[in-house]
Amino acid sequence: LDEALADTTISCALTSRRREITAPLQTPRQLVPELLQAAANGEQVALVFGNETFGLSIEEVQACNRLMTINGNPDYFSLNLAQAVQVVCYEIFSQTDVPMTHLQQEDHAATHEQIKGMVSHMESLMHDVDFFKRRNSERLMRRMQSLFGRANTQTEDIDILRGFFNTLKQRLKD
C-alpha cells in the first residue's frame, strides 16, 4: 500500500467502522469536490477499499490522509466491495457534470414538406373510410397539419405513421 500511495497527495480510506483516528469522517459527496480539484491540478488521488471480509486494517487506514464512509443504516452499515466502489464512482461521476448526450436519440425533426405529405396521406385514407361524412374535411386537415407542425414531429414518426397508413390502405383493398 505504501508503494501505491507514494505519489498521491490525497488518499481516502473507505471504512464503515468507527476508527480511533483523528481525521474527520466524510461522505463521498463531501470529499469528491476536493478529490476532483486535486486531480484537475494534476495531483494523484487514491481511493483505498478494503477486502470483502475484513475491510481495511488500522495500519492501512492510517496510511491514508482522508477517511470516507458511505452513510447508511446504522444497524447494518456495511456494503460489499462492489457496491461501495459503485457508490463512490457514481458520486465522482455525478459531480463532473458530464452531459448525457450520448444517451439521447438524435433529433431528426420532420420538415414542413414531410408533415404536409403525411397529412395528405392521412387525408386520402380518411376519405377512403368515409371519415368526413359529417365533418368539415378542410378544417380538420388544417388542424392535423397544425397539430403535427407544433408537436416536434420527427422523421421517424412520419415514417411510422405512413407505414401504418399504407398497411391500413392495403387491408381496405383486400
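Everything quoted here is computed from the prediction, not taken from an experiment.

Next up on the list: the nonpolar core. Counting residues in each nonpolar core, the largest one holds 13 residues, and the members touching the most others are Ile115, Met118, Val119, Met122, Met141, Met144 and Phe148. Only α5 (112-128), α6 (137-150) and α7 (155-173) provide two or more residues apiece to this core. It is α5 that contributes the most residues to this core, 6 residues altogether. Not counting residues within four places of it along the chain, the set of residues in contact with valine 119 comprises Met141, Met144, Gln145 and Phe148. Leu14, Leu31, Leu35 and Val88 belong to the second-largest nonpolar core, a separate cluster that totals 10 residues.

This part is about the packing of α5 against α7. Put simply, α5 and α7 touch, their axes get as near as 10 Å, and they point 20° apart. When the axis of α5 is compared with that of α7, the two are roughly parallel. Crossing hand, α5 versus α7: left-handed. Contact with α5, carried on its side by Gln114, Ile115, Gly117, Met118, His121, Met122, Ser124, Leu125 and Asp128, involves Thr155, Ile158, Leu161, Arg162, Phe165, Asn166, Leu168, Lys169 and Leu172 of α7 and no other residues of that element.

Turning next to the pattern of salt bridges. Tallied over the full model, the rule gives 4 salt bridges. In this structure, aspartate 128 engages lysine 169 in a salt bridge whose closest nitrogen and oxygen atoms are separated by 2.5 Å. Residue aspartate 128 is located in helix α5, and its partner lysine 169 is located in helix α7; the two are separated by 41 residues in the primary sequence. Measuring nitrogen to oxygen at the nearest pair gives 4.0 Å for the salt bridge that ties glutamate 138 to arginine 142. You can see glutamate 138 and its partner arginine 142 sitting in helix α6, 4 residues apart, about one turn around the helix. You'll find glutamate 138 and arginine 142 in the same group, each marked exposed.

Reading guide: rules and limits
Residues numbered from 1 in each chain as written. Predicted model: local features only at pLDDT ≥ 70, side-chain atom pairs only at ≥ 80, totals over all residues. Heavy atoms only, no water. Core = buried A, V, L, I, M, F, W, Y, C linked by side-chain atoms within 4.5 Å. Buried < 20%, exposed > 50% of the residue type's maximum accessible area, 1.4 Å probe, protein only. Helix = DSSP H or I, 4+ residues; strand = E, 2+ residues; numbered from the N terminus. Contact = heavy atoms within 4.5 Å. Axes fitted to C-alpha atoms, helices over the stretch in contact; angles between N-to-C directions. Parallel < 35°, antiparallel > 145°, perpendicular 65-115°, else oblique. Left-handed = near helix turned anticlockwise from the far one by under 90°. Salt bridge = Lys/Arg side-chain N within 4 Å of Asp/Glu carboxyl O.

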